Amino acid sequence: MPMNAKVMKTFTIGMKFAPSATVVVAIEVVKHSKKSGMEQVIGAHSVTFTSKAYGAQFLSWPISAFTTEGEIFLRATTEPSSDVTIQFERFGVLLGSVVEDSITQRTLCTESVAVVATEHAPYPVKASYLENGRTIAVTFSQELDTSSFQQSVFSCDGIVIVNGGISSCSWLADNVLAVESSVLALDEQITVAGSVLKGKCFTETCSPVYVNSASLSVMGPSVRKMTTSVSAIGPSVVMQGTDVLIDISPSTGSFGWNWKSVDIGIHEGVSAPNADLVTYLKGFIYDNVPISIPNKFVVPGSYVFEVRLCNVFSACSSGYYKLYVVDYNVPHMMVGGSATRRVKACAAVRLYGAYGMIDASSGELNAAASPDMYWMMKRNGVIVAGSYHQGGSNLVLLPYSLPMDQLFQFSLVMQDSVTKGLTLYSQQITVVRGNLVAAITGSDNIKLNARRVITLDGSRSYDENQDRSLMSGLAAGLFYTWQCSTFNTTGCVLQILSSDVYGDNLVIRAPLKALNSVSVITMTITDQLQRLAQASVTVTVIDQTAPSVNITAVNAKNLKSYNSHEFITLEAKVGAHNPGIVRWTVNDSSVNLMTLASGSIASSYVGGNTMLLTTLHIPVKSLNPGRFLSFSLVYVDGATQTTWDQQTAISVYINRGPQGGSFDVSPSVGQSIVDVFHFKTHQWETDELPLYFSYHYTSVDDESALWYPLQMESEFTQAFVRLSHFGDSAAVYKGRVAVVDGVSAMAEVTQNVSVQPSNVNLALDVSMFRLSGDVRSKMHVVYSTMPNNANLHYSNARLQQLNAQSCRTSAIDCDALYRHSCGIATGTCGECLDGYTAYAAGNTAECFAVSIALNAAVDIKKCANDCSGNGNFGYAGDACQFSTASVQEQMASRVELAAVYNQMLVSSVYDDALSVDVWSGLVLSLGEGLMRSGVNNATFSAQLATLSNYLVLKGKSVGVLDTQKVSALASLVDASQPRRSFSSLDIAFLETTVAGQHAVHHLSESKIAAYATGYVTAAIPLALTVASTSGVVVTEVSIVSAASNKTTGALVGLSLQAFADRLVSNVANVTSVPVRVVVKDAEKCDRVGGCSLTVSIRNMHAVSYATPVVDSVTVACDRGMATPSVAVCPTASKQVVCPPNFIGNVTFNCPYSQWIPSCNILHDFVGTGAMCDLVSFDDLSTHCECPVGSSFVSGTSGQRRLRVDEAGTSSLLEMEGSSFIHQDLVVSVSEQHFGMVYAANNSVQHHVKGLFPEFDLVIKTIVLIDSIPYKMLSTEGWPTLNATMVAVLPELLKHVMEPLNFTTFAAKFDAMSLVGDIPTNGDQFGSVSVSFDSFIRADDYCSVDEVFILFENALNGSVYLTGTLSLALQAVAVDDVFVMGNATVAWEHSRLYSFAKVNTKSMFCITGIDDVHLVNGTVPSTQASIASSSSQSMGDMKATAVNGPQSAQQGRRQWTRSYVFYMVLGVIAFVIASVWYAIYSNRDRAVKVNLPVSAFAPLAIKKQLPPEQRP
């Protein structure tokens, strides 16, 4: 490539391995002047490498290299002499070199590089095929301006002119244009159009110079660099009288072109070759089908054939084929693919055989014959498995089944069970070692903020000789070395924070001085065999205020390379200071991410401490193969509107896959079932052998039609098949070959054929699809027919016939129903169109868009009036046109076909991606018989469930099932197993979800389900909702974790399933549909402190939970009234005696009952058991909270334990693999009864001295403040937090207590203490307890417990107090940083501290009705003491409130107690209080005290008042 000073300033020299001794390399830059023709050394460098200092070093070109035009060379000399080999590379391509002096290792680069000193008009230099044989590289004299080409692949129209067609163009470099051509032969002309392409400018004043038009002759690649391999295969043993077959299709090196020459010769074997045979072979013309030698030319004996192939570039090679001809009956058999091959230990071995038993007299195939067959394996010539049975004529060995560096011979042995004639076919396989693969997880072009730290993870590097799913990185025995070099400087400006550079990761920091620097970090891995692999990343240091981005490829099986049937899933973590928008971009404008991406590719982002995670999910099949694509994020700052587009990028490779081949189908017109169609492929090439071929067909007219399999995946390049069509006229079918290579990359080609119909009522039999007649002269058909082909063709025809019988008389407007035009029974439609689904049974039920149908009811729609006398078999329109007999006949046929499917799937190796997809469609079409007819056939249901589960499991293993297919298969299983447990089907749903993308939904007649995946934190939940037909929410679930906002949280999968309520119609007291919640990867919750589920379930049966209107009876009392009164309620009565001197009313609330819900677990859909916690409820919904995480299952100390049954086992949760299952959750109700209670209301003015005793109380209250950041609990932050409490709490309490009309009230801060363990880092949170004293004088109550209850109720119910305190905490700042935004306040305990009665002369507090303390309508046998009353916690008070309405004046009692009782109480209180006084009275209020969590147990009297504070 031409260069000048603007193009390249440096070149690189490096050593990949640490030298055993110091090596010095002298570099000379040699210039050959274009003007003078002289050579001179214009620059020199000396570079030293040691065992500790090796790798890449950057050297500068001398300025004189670019002042004049000419060519430059590099000469390298090692000093002193060593065994170092010198190689020259440019753009990764090894250049030619000459050793001038072997003693001093003086080596010269022989390929010159043109130097352009001034700007001239560019011109094409040469046009030559690359080594792939399909691409012509047009090289120009200098770099061109390629900036206007935004697509990686573009049309060549108007740029290049040839005599023929050109598919596309692309740029290999700025001066090399790649032209994809399949028609241009060597020495033909290719013309570059003028005034289209222009040269690149290197100065600001440069004017673009256009390329002049020129024509070039196309040259071929270097033949010595091309590899041609001939594989001539055929049967090892044949019976006399049958044609001989030689198949050369496995040969490689044609590069998609027809072979230039095919020559066949014969070597002398046991018998001299027949002269006619020699003549026939010399005149044979190859037409891309197996070579067939007529049987008249061969006699018993042995033959050795030589096949010599030459490609269009004159590269030639030979292969040999040995044959034995016998005069007795033997099985005729062949195994597809090359007879000799090399495979890596990490690759599977897949061998597929075809065979036929031929009758010696008639020449017909004997379908009934069943030969004995087995595989025999030899290792290095020694038999190690003499009878290896697996899959009949197929053999599949999983990766790592065979040891390395060994030669294996696999022979398929067959013996005629009657004649005992034996034949075998052998293939030799050499198991070779694989390579080391170096991989650095994440981005390969990193933009690192200054002062930020990043970890480069190389632990996913692996050795291909070891199963990387089990071991990689250091565990695989790899040795690591990391090196860093910074451009335009010496050494590396980045800081290496890792303790050594020999681990599998490297921690680096970007110091501020490294701003705008560009560094390359290279990771080198080696093993004990001294194999080497490298990976590198480029790190550019950007401003510390710029957005930070980290991109990772998710679930990439091959690290960063992808096949056409896969999805690219990229996750990016983005951080920024300001709110803004992020958007995914790709370096190829032909890729429309907005169209291809699943979900939105633009995400809102709120800056601060939160980390945004955005996901890109696109299908690979929409991208150009054989290309590297670079994905990155653009960030637009919402505050400044600044666009940051120089962001971190990740490159992925789209595997090129098979290419260059052709596909033909003949004849172009044929008769259904009668004619045999020949599907033929040839000249396919790939980077990763071997190649596998499978064949299918479908209808062209019906876009939704199924693909029917014709021949399973094998190495056979042709298939002979029978196509089926039933109808009134001919149909156009599309034949397809799918070609898959050794890394599962796939290509497909189709061709149309016309098929004449068969009678729809034709009686079908599998024998109709076998090869018939004398086959001895058409052995190429026998050898290319897989054993199961006849069964495949028969089952295809049977399913097509069943569907055709259903469709022929349909008069319904299926389009109006959004359905296909083919149904299960006469007069019905087919399945819903793509994007639509139905919620009623029957093929005439209307389909709805998925977004609407998700709100559908889950019950089954039935026929009215017994289907007009036809039997209640389902819903098929208002008239129910089809009869019982027709449906039963259809069902019987489908049951038979399901059995055939089960047999074929189980006995054959249909485990490739395409087969799973094709078979899924067949099973779904077959299953319409159950789904849409309503017939309850247990056998058919079980068969469909087995098929569906098999396909889903296979689909998961190869990653091909899409959501729609999984949902449809799951519906088949749900139809037969409506109460099925959580299974692989649900896991498959979860595995189709992507974090941050929309939820996946599934709808069947027994359930509605939703699935999603996401990162959950304390502030960012993952939520799912399932709704009914009218849009009313049936159930919703939300999961949060304890992770802070600064992290992306726990990545979990969430499933929510709502079952039909008819499934629990026999369970008493259940008011909701059953709900199942599943959390996948729940163990990740443990890593972030646990997760919590909140489930809301709708009340489906109109049960009211509201407290009913309670009748009340009031008795008026006057002073001196002595006559008893009776309070009469509908269900109870109570005698009332008014106390003397009491003026007021005594009100009785009558007994009542109320329904209370609970969160129960459904056991086998027949009964309920243990519960989640009931959070809240109303008439619409019940809200339950359930814990998540393995610690909840094990009951770890310090964690909340599960409720257990009587046997001590948990019936609520179970762990299944990595999934956490809340078994079927339902809302059930129970009736609670509340007895008669009363309230006495004074009608006397308050605060009248002498009416009530006067009390002086001191009450201690403890507040728990949770989620306090580490910074506030540090030594610096503690005084600020303490001062806030001292200033804020007393004023807030005074405001809250004003409505209680206490005579006096005052509050005083007491102390603040740390609860639990001290946080250890800035990402953790802690809790504190704050205690304060309240001083109260009250003269309006008869007992001290009444005052205490009023105080605590006011404290507990004050939203003002909680909210204001929270706001006050949020305003606290340390170092001008607000850090209390997450703090939560909980009022834990209020305890009576001490009290005294000041005035004991009361007019109203005397013996009488006040002695009766009614709770739930009962009178206690003993009076509660003041101490026990005052030790009630707020939680107790809330529980009492649930038991029935009570007044603050309830339970007046006589205040007079015995002197002895108070003395005893006082002594106990003094002893306890003395201990607490010593702790609390004289300590520094700002000193932290670490209290255990158990300190919040109910407190007794804590401390005696100091003398100055006593009443």
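The structure under discussion appears in the preceding block.
Residues numbered from 1 in each chain as written. Predicted model: local features only at pLDDT ≥ 70, side-chain atom pairs only at ≥ 80, totals over all residues. Heavy atoms only, no water.

**A look at the pattern of salt bridges**
A pair can form between side chains of opposite charge whenever their charged atoms are brought close. For the record, the criterion: By convention in these notes, a salt bridge is any Lys or Arg side-chain nitrogen within 4 Å of a carboxyl oxygen on Asp or Glu. The secondary structure listing takes helices from DSSP runs of H or I that are at least 4 residues long and strands from runs of E that are at least 2 residues long, numbered from the N terminus. With a 1.4 Å probe rolled over the protein chains alone, any residue whose accessible area is under 20% of its type maximum counts as buried; one over 50% counts as exposed, and the rest are partly exposed.
Per the stated rule, a full pass over the model turns up 17 salt bridges. Between Glu28 and Arg75 there is a salt bridge; the shortest N-O distance is 3.3 Å. Placement of the pair is Glu28 in strand 2 (residues 23-33) and Arg75 in strand 5 (residues 70-79), with a sequence separation of 47 residues. Overall, the relative accessible area of 23% leaves Glu28 in the partly exposed class. The exposure class of Arg75 is buried, given its relative accessible area of 12%. It is possible to trace a salt-bridge network through shared partners that takes in Glu143, Asp174 and Lys200.

**Remarks on the packing of aromatic side chains**
Using the following cut-off: The aromatic pairing rule takes the rings of Phe, Tyr and Trp, using the six-membered ring of Trp, and pairs them if the centres are within 6.5 Å, calling planes under 30 degrees apart stacked, those over 60 edge-to-face and the rest tilted.
According to the stated counting rule, one finds 18 aromatic pairs in the structure shown. Look at Phe149 and Trp171: their rings are 5.6 Å apart centre to centre, the planes differ by 70 degrees, and that puts the pair in the edge-to-face class. You can see Phe149 sitting in the loop between strand 12 (135-140) and strand 13 (160-162) and its partner Trp171 sitting in strand 14 (residues 166-173), a full 22 residues away along the chain. Judged by centre distance (6.1 Å) and plane angle (15 degrees), the rings of Tyr303 and Phe305 are stacked. Summarising the burial analysis for this pair, Tyr303 and Phe305 share the class buried.

**Digging into the packing of helix 9 (residues 938-958) against helix 11 (residues 984-991)**
Using the following cut-off: Note on geometry: axes are C-alpha line fits, over the in-contact stretch for helices, and angles between N-to-C directions span 0 to 180 degrees. Crossing handedness is defined as follows: a turn of the near helix away from the far one that is anticlockwise and smaller than a right angle gives a left-handed crossing, while the clockwise case is right-handed. Any pair of residues with heavy atoms lying within 4.5 Å of one another is described as a contacting pair. Residue polarity follows a fixed list, in which Ala, Val, Leu, Ile, Met, Phe, Trp, Tyr, Cys and Pro are nonpolar, Asp, Glu, Lys and Arg are charged, and the others, Gly among them, are polar.
Where helix 9 contacts helix 11, the two axes come as close as 9 Å, and the packing angle between them is 35 degrees. With respect to the hand of their crossing, helix 9 and helix 11 are arranged in left-handed fashion. Only Ser984, Leu985, Ile987, Ala988 and Glu991 of helix 11 make contact with helix 9, whose side of the interface consists of Asn949, Val952, Leu953 and Lys956. Split into classes, the residues belonging to the contact of helix 9 with helix 11 amount to 5 nonpolar, 2 polar and 2 charged.

**Observations concerning the environment of His565**
Of note, His565 is situated in the loop between strand 42 (561-562) and strand 43 (567-575). Remark: the alpha-carbon pair of His565 and Lys621, spanning 56 residues in sequence, is separated by 6.1 Å.

**Some words on the pairing of strand 49 (residues 649-654)**
The test is simple: Between any two strands, at least two bridges found by DSSP are needed for them to pair.
With 2 bridges joining them, strand 42 and strand 49 adopt parallel strand pairing. Counterpart to Ser561 in the pairing with strand 49 is Tyr653. Pairing of strand 47 (residues 627-637) with strand 49 involves 6 bridges; the strand directions are antiparallel. Following the sheet pairing, Phe631 is matched in strand 49 by Ile650.

**Digging into the sheet that holds strand 57 (residues 746-756)**
Read across the open sheet, the 5 strands follow the order 51-57-56-53-54; overall the sheet is mixed. Among the strands making up the open sheet, the edge pair consists of strand 51 (669-671) and strand 54 (708-714). Averaged over all adjacent pairs, the angle separating strand axes in this sheet is 30 degrees, with direction ignored. Relative to strand 57, strand 56 (residues 731-740) runs antiparallel, the two being bridged by 10 bridges. If you follow Ala738 over to strand 57, its bridge partner there is Glu748.

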